[in-house]
Structures are given as C-alpha cells and as structure tokens.
Amino acid sequence: MSSIIVHGGHPITGEMKIQGSKNAALPILAASILIHGITVIKHCPKITDVFCMIEILKQLGCQISWEENSTLIIDSSSIEKVRLSLEEAGKMRSSITLLGALLGRKREAFIPYPGGCSIGKRPIDIHLTVLKELGIEIEQTEKGVYAKKTKAPSGKVMLSFPSVGATQNAVLASIYSDSQVILKNCAIEPEVTELCYFLNQAGAKIEGIGSKTLIIHGVSRLQEVTYEIRGDRIAAGTYLAAAVMTRGSLTVKKIDPKELSSVLELYQKMGNFVKVYQDAIFLDASKRKYLEALNVTTEPYPGFPTDMQSQVMSLMTIANGKSEIIENVFEDRFKTAAELNKMGAEITIEENPKRALIQGVKQLSKAEVIAPDLRGGAALVIAALQAEGETKIENAFYIERGYEDIVGTLRDLGGIVVLR
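Student: Before we move on, can you summarise the packing of aromatic side chains with the specific residues and values?
Tutor: If you walk through the whole model with that rule in mind, you get five aromatic pairs. Pairing Tyr 239 with Tyr 403 gives two aromatic rings, centres 6.3 Å apart and planes at 90°, and the pair type is edge-to-face. Note that Tyr 239 is positioned in helix 8 (residues 233-245) and Tyr 403 in the loop between helix 13 (396-400) and helix 14 (406-412), a separation of 164 residues in sequence. Owing to a relative accessible area of 2%, Tyr 239 belongs among the buried residues under this scheme. Positioned above the aromatic ring of Trp 66 is the side chain of Lys 46, whose terminal nitrogen or guanidinium carbon lies 5.0 Å from the ring centre.

Structure, rendered in structure tokens:
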C-alpha cells in the first residue's frame, strides 16, 4: 500500500493548469451510456475513480480508449448488461449515478449499494424517493437496488434535500420520455449544471440550468457528442490551500473563479492576497503577517463546500487564535482531526452541533499519519508541507482517487514530496 512522504518547510510557488473536474467527469461518464454511439470527453482527469468508472462501463458493454491530452473515447453502441458487479460498484459512491443512466437506456438496472470514502451515512434514500415519484419501480434487497421503468417519467417532483447525486439521477432517468418532468429544490453545484450542459449538447432539452428548478422535455434519442470538462474547483482550492499553508504564491489556470467564490473569500479573510481572472486565480500568501482564525459552516453550493472542509481545517491549525468549523453535510468529515493532532494540532470535536474547535499553533511537527478519506488525505499533505521534518501519509490510494499526480504537481511547485 503506497504512502506519500513530505519534507516540510518549502513554499508552494509557481503556475499550474488544473485537472478536469472529478465530480463532473463521473456523472458525465455515466451519462455516456444514454448515447447510442460515440462520446468524446476532453480534459478527463486520470484518477482512480475515473479508471473505476471506466471498468464498470466496459462491463456493461462499452468500448473505451484514451487519446492524447486526457481525451477519452467511449463507444456505447452496445450496452449488454443492466447489472453492476459488487466489486466495482463498491469502490466508489458515484456508481449510484448509473442507476438513472441505465434506467434511461435499458429501462431497468441493478446497482449494489455504493462504496467510496467513509465520511458519513450518505444514504441513497433521496435518490430512491425521487425516482419513485417519477414512476420508477424500486425494490431494495440486502445486496442492492433493482429499479424498473414501466412508464415515461412525468409531472412535478420536489427533492426533500438538494442532493447532487439525487438531482443527477433524476435528470438521467427523465431524458428519454415523451413527457415533461419538472424537478424542484435541485442541487445547483457546478457538477449538476455541467451534466445538464453535456446532455443538452447531445440533444437533450433541459431548461433552468443553474437554478433550483429544472424542466426536462423528454426526447427519443441523443446524438454523438464531443465535450470538454471544466477545471476541478476542489483540486484548485486544495493546491491554493497548499500555497496558503506554506506562505507561497500560486497561479492556477483553467479554472472558473466563480465556482470557488466562498473558498477564495475565506482565503482573503485569513490574510492572503487573491486576484481572479476569467479563467485563472492568483494567490499570494508570502506577504501576510499571520493566518487569521475564522469560523466556517459547510453548506450546499454556493455555500462553503464540504469537500474543502478538511483542507481548511489544516490551515486553521496554524491560524492566530481559535477557529470553528460546523459540518452540515457529512457527519464523519472530522476524522482528519485525530491525524492532525498527531502532528501537534489542537483540535477538539464536539457532537451537538457537529463542530470542530481549532486552537492555532505556531508550527506543526512530523508524524506518521493515515489518510481517512480522499479530502482528508489531501489535508494531511497540506499540513505536512508546513510541518518540521518528514511526515509519512499512509493510505495514499484515497488521495489518488481524486488528484491527478498530486506528488508530481507539488514537486513541480517546490515541494519535497515522494510516493513510496
């Protein structure tokens, strides 16, 4: 099992182009099975979650190949199966979006209960409820969910919570229809809007993209399409956090700054200089006196993203004063705290409300720590970049699920980082 070794004390400085969005790529890969032909996906991140989704699509009957410049070619002319294997589906949460896609293409699907990071209950109840309200027949077993589409989805459906995955599943299940579906209280994360843009480019008719109400006019067929995935906002926020942590100076290119507004605002309030361009972000942490302590609450987009909570917790460990993080999305996101405390952080977790209290210290120290999940692993790398001495982060496979060569990227930006 691989580990990441970091020798701290070296500023993260320079320029980089950000990878394609993980959270956008996975549902778009799932959506490709709605297309009876070729899908070309440009700027697709080469990360283990994408490789896992590719293996699932191959099992269903897709022919897939990579071309230069992170371009993925998917031929979904022949979808032979409607059942996912437990082995592949159990590796990642995003396999659940294949439920709506298979319902659209084959009118039935069996999905084992999805896996991924252990960051909370993350129930699929909202997914199943919205599909039932669309007229999908659902049967839950000990091993997974069997769903069957016996009539065209239609009518108005209100999501009980603006779940990203449930919104995506509802959209995917509603594309092929002779009726109209209105979805209310939808998630408005960029990953939802990007899926809708992809589908519309392929011939779908979705109105209200970017709002909490989506109107889907059913179509009978989608066309072949070429689509370029936008930059990964969470990866961009993570590398910028590394620059903040090390008093560095970083320009991140191929990213829409608007998608990171809440994160950039926090970085500025902590005392760092931030300048945004049309498709780039510049951050300079080299001139600040100290890192300001702040309070943060995670919320659905456009609020502060839960996927950046762990990385910001790392920053708060060296802030001047006491910070507070309230986690409203995933109740087990605070597993990183125990590992940061091994490095000399002073973090206390309280249960009601679910929050972390962080007393800043001047310097973190080396330790052997274990990545508890994808974003928590990235947070430990950030902390190690500031710590004195050499820190070993085990379970690097979690980090590889969402970051394309994080070791090589940080090394190019001045960090002393190796993978063992």
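Student: Report on the sheet that holds strand 3 (residues 38-42), specifying residues and quantitative values.
Tutor: The four strands lie next to each other as 4-5-3-13, forming an open sheet whose pairing is mixed. Of all the strands in the sheet, the pair left with one neighbour each is strand 4 (63-67) and strand 13 (225-228). In this sheet, adjacent strand axes meet at a mean angle of 15° when their direction is disregarded. Pairing analysis gives four bridges linking strand 3 to strand 5 (residues 71-75), with the strands arranged antiparallel. Along strand 5, the bridge assignment pairs Ile 41 with Leu 72. Helix 7 (residues 190-201) contacts strand 3 and strand 13 of the sheet and is inclined by roughly 155° relative to strand 13.

Student: Break down the sheet that holds strand 10 (residues 180-184) for me, with residues and values.
Tutor: Pairing is mixed in the open sheet, where four strands are placed in the order 9-10-12-11. Two strands close off the open sheet at either side, each with one partner strand: strand 9 (155-158) and strand 11 (205-207). Strand-to-strand, the axes of this sheet are offset by a mean angle of 20°, without reference to chain direction. Bridge count between strand 10 and strand 12 (residues 214-217): four bridges; the pairing is antiparallel. When the sheet's bridge partners are listed, Ile 182 is paired in strand 12 with Ile 215.

Student: An account of the pattern of salt bridges is requested, with residue identities and associated values reported.
Tutor: Should their charged atoms come close, side chains of opposite charge can pair. Under the counting rule described, the total for this entry stands at 16 salt bridges. Residue Glu 191 is joined to Arg 233 by a salt bridge in which the shortest nitrogen-to-oxygen separation is 2.8 Å. Of this pair, Glu 191 sits in helix 7 while Arg 233 sits in helix 8; the two residues are 42 residues apart in sequence, bridging distant segments of the chain. Both residues of the pair, Glu 191 and Arg 233, count as buried. For Asp 284, the salt bridge goes to Lys 287, with nearest N and O atoms at 2.9 Å. Via salt bridges that share partners, Lys 22, Asp 49 and Arg 401 belong to a single interconnected network.

Student: Tell me about unusual backbone geometry, residues and numbers included.
Tutor: A cis amide bond, omega 15°, links Tyr 301 with the succeeding residue Pro 302. As for its position among the elements, Pro 302 is in the loop between strand 17 (295-297) and helix 10 (309-316). You will see that Arg 247, though not glycine, has its phi angle at about 55°, which is positive. The backbone of Asn 395 sits at a positive phi, close to 65°, despite the residue not being glycine. Mapped onto the elements, Asn 395 comes out in the loop between strand 22 (390-394) and helix 13. On the basis of relative accessible area, Asn 395 is assigned to the buried category, the value being 16%.

Student: How would you sum up the pairing of strand 10? Please name residues and give values.
Tutor: Direction of pairing for strand 9 relative to strand 10: parallel, over a ladder of four bridges. The partner of Gly 155 across the bridge, within strand 10, is Val 181.

Student: A description of the environment of Leu 340 should follow, citing residues and the corresponding values.
Tutor: Mapped onto the elements of the fold, Leu 340 is located in helix 11 (residues 336-342). Take Leu 340: its relative accessible area is 0%, and that puts it in the buried class. Here Leu 340 is in contact with Met 313, Ser 314, Thr 317, Ala 345, Ile 347, Leu 380 and Ala 383, once residues within four sequence places are set aside.

Student: So what's going on with helix 8? Which residues, and what values?
Tutor: The terminal C-alpha atoms of helix 8 lie 18 Å apart, and with 13 residues this matches the ideal 18 Å at 1.5 Å per residue to within 8%. With 13 of its 13 residues buried, helix 8 lies for the most part within the structure. Backbone nitrogen of Ile 234 and a side-chain oxygen of the N-cap are separated by 2.9 Å at the start of helix 8; the cap is Asp 232. Phi turns positive one or two residues past the end of helix 8, at Arg 247, with a value near 55°.

Thresholds applied
- Residues numbered from 1 in each chain as written.
- Predicted model: local features only at pLDDT ≥ 70, side-chain atom pairs only at ≥ 80, totals over all residues.
- Heavy atoms only, no water.
- Phe/Tyr/Trp six-rings, centres within 6.5 Å; stacked < 30°, edge-to-face > 60°.
- Helix = DSSP H or I, 4+ residues; strand = E, 2+ residues; numbered from the N terminus.
- Buried < 20%, exposed > 50% of the residue type's maximum accessible area, 1.4 Å probe, protein only.
- Lys NZ or Arg CZ within 6 Å of the ring centre and 35° of its normal.
- Pairing = 2+ DSSP bridges.
- Axes fitted to C-alpha atoms, helices over the stretch in contact; angles between N-to-C directions.
- Contact = heavy atoms within 4.5 Å.
- Salt bridge = Lys/Arg side-chain N within 4 Å of Asp/Glu carboxyl O.
- Expected span 1.5 Å × (residues − 1).
- Polar contact = N/O pair within 3.5 Å; in protein donor to acceptor, adjacent residues only side chain to side chain.

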